[in-house]
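Survey of secondary and tertiary structure
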Amino acid sequence: MRPDDLPALHHTEHGPADGTPVLAIHGWTPDHRLMTGCCEPVFAARPRPYRRLYPDLPGMGRSSGVGVASSDDVLSCVEAYVDEQLGDSPFLLVGESYGGYLARALTARRAGQVRGLALICPVGRAVEQADRTVPRHQVLVKEIEVEPGSEFAEIAVVQTADTFERTEREVVVGVELADAEALARIRRRWVLNDEPEDGPAYGGPTLIVTGRQDSSTGYVDSWALLEHYPRATFAVLDTAGHNAQIERPELFGSLMNDWLDRVDHVGASSSA
């Protein structure tokens, strides 16, 4: 049940209602389009039908941030969303950046319900920016001129017309909708009360995708998560920053498909 003082989440849904459920959680300040942009090409091409759920986190996209004052409140909203949309049905979970942090926490609480976990450039062991081990920003592919000081200029490792257009379409449009007051309130209590990896290890098929040149969350602090996920594939993508899914789309798609194949194999083995 959702606490009465916390808002419901706006969401977008794709695929048949009886498909395998997938919950995809976006990162800090964008909205669900960050996830539809990279996940839909993967799931739509799979032979198995999937019911893909893409919520906007509180204070982001079209979800209200009223009454939300911490990451624990955000997590409560996500848990309530799972209860409302999925009940106790098993589902696959994908999280990007801050959404990966929340996804890890949700998996810790519902390990028996999460059939597989995929983390895209996640916030790792070091939650606060000042504590993270990250490389300096560098541009490895530059085919266009970009506005100096813009978010794209400061984050993108691959600066091409395609990565710029996708960033505008999948990231910037959501950032422009964010409720700055609500996000500032949440940011003051950004660290979850419970460390996601404090409990038992999660044994489901897992994927952790990181960017070798990611100057936001890096890869070192995510590597520190590995022992908690004994069925994890850990990938560090060269020529990729914090939007690795945009900058290395083919490799990202291959890794996601491998993860989904591993999830299917576990499902087939358990039903044999």
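Our structure's up above, just so we're on the same page.
Residues numbered from 1 in each chain as written. Predicted model: local features only at pLDDT ≥ 70, side-chain atom pairs only at ≥ 80, totals over all residues. Heavy atoms only, no water.

1. Quick notes on the sheet that holds strand 2 (residues 20-25)
- Ordered in space as 1-3-2-4-5-8-9, the seven strands form an open sheet in which the pairing is mixed. With one partner strand each, in any of the chains shown, strand 1 (11-14) and strand 9 (232-237) form the two edges of the open sheet. Ignoring strand direction, the axes of neighbouring strands in this sheet form an average angle of 15°.
- When strand 2 meets strand 3 (residues 50-55), the two strands line up parallel, connected through four bridges. In the sheet register, Pro21 faces strand 3, and the bridge partner there is Arg51.
- Sitting on the sheet, helix 2 (residues 71-86) is in contact with strand 1, strand 2, strand 3 and strand 4 (91-96), with an inclination near 145° to strand 3.
- Across the sheet, helix 3 (residues 98-109) lies against strand 2, strand 4 and strand 5 (114-120), angled at about 145° from strand 4, the strand it touches most. (Pairing = 2+ DSSP bridges. Helix = DSSP H or I, 4+ residues; strand = E, 2+ residues; numbered from the N terminus. Axes fitted to C-alpha atoms, helices over the stretch in contact; angles between N-to-C directions. Contact = heavy atoms within 4.5 Å.)

2. A word on the packing of aromatic side chains
- Evaluation of the coordinates by the stated rule reveals eight aromatic pairs.
- When the centroid spacing of 5.3 Å and the interplanar angle of 90° are considered together, the rings of Phe152 and Phe164 count as edge-to-face. Of the two residues, Phe152 sits in helix 4 (residues 151-155) while Phe164 sits in helix 5 (residues 161-175), which places them twelve residues apart along the sequence.
- Looking at Phe152, the relative accessible area reads 8%, which means it is buried.
- What makes Phe164 partly exposed here is its relative accessible area of 34%.
- Of the aromatic side chains, those joined through ring pairs into one cluster are Trp28, Tyr98, Tyr101 and Trp190.
- The side chain of Arg187 reaches across the aromatic face of Trp190, ending 3.9 Å from its centre. (Phe/Tyr/Trp six-rings, centres within 6.5 Å; stacked < 30°, edge-to-face > 60°. Buried < 20%, exposed > 50% of the residue type's maximum accessible area, 1.4 Å probe, protein only. Lys NZ or Arg CZ within 6 Å of the ring centre and 35° of its normal.)

3. Looking at the layout of surface pockets
- In this model, the largest pocket occupies a volume close to 490 Å³.
- Around the largest pocket, the lining comprises 32 residues; the ones closest to its centre are Trp28, Ser97, Ile155, Ser216 and His242.
- Elements supplying a minimum of two residues to the lining of the largest pocket: helix 4, helix 5 and helix 8 (244-247).
- In terms of residue count, helix 5 provides more of the lining of the largest pocket than any other element does, five residues in total. (1 Å grid on protein atoms, 1.4 Å probe; cavity = no way out; pocket = protein on both sides within 12 Å on 5 of 7 lines; lining within 4 Å. Points joined across faces, edges and corners; volume = space filled by probe spheres on them.)

4. Here's the deal with the pattern of salt bridges
- Taken as a whole and assessed by the stated rule, the structure comprises 16 salt bridges.
- In this structure, Asp261 and Arg46 form a salt bridge, with 3.0 Å as the shortest nitrogen-oxygen distance. Pair noted here: Asp261 is in helix 9 (residues 249-271) and Arg46 is in the loop between helix 1 (33-44) and strand 3, with a separation of 215 residues, a long-range link.
- A relative accessible area of 12% means that Arg46 is categorised as buried.
- Its salt-bridge partner being Glu197, residue Arg104 comes within 2.6 Å of it at the nearest N-O pair. Remark: Glu197 occurs in the loop between helix 6 (180-187) and strand 8 (206-211) and Arg104 occurs in helix 3; sequence separation between them is 93 residues. (Salt bridge = Lys/Arg side-chain N within 4 Å of Asp/Glu carboxyl O.)

Honestly, it's all geometry; don't read function into it.
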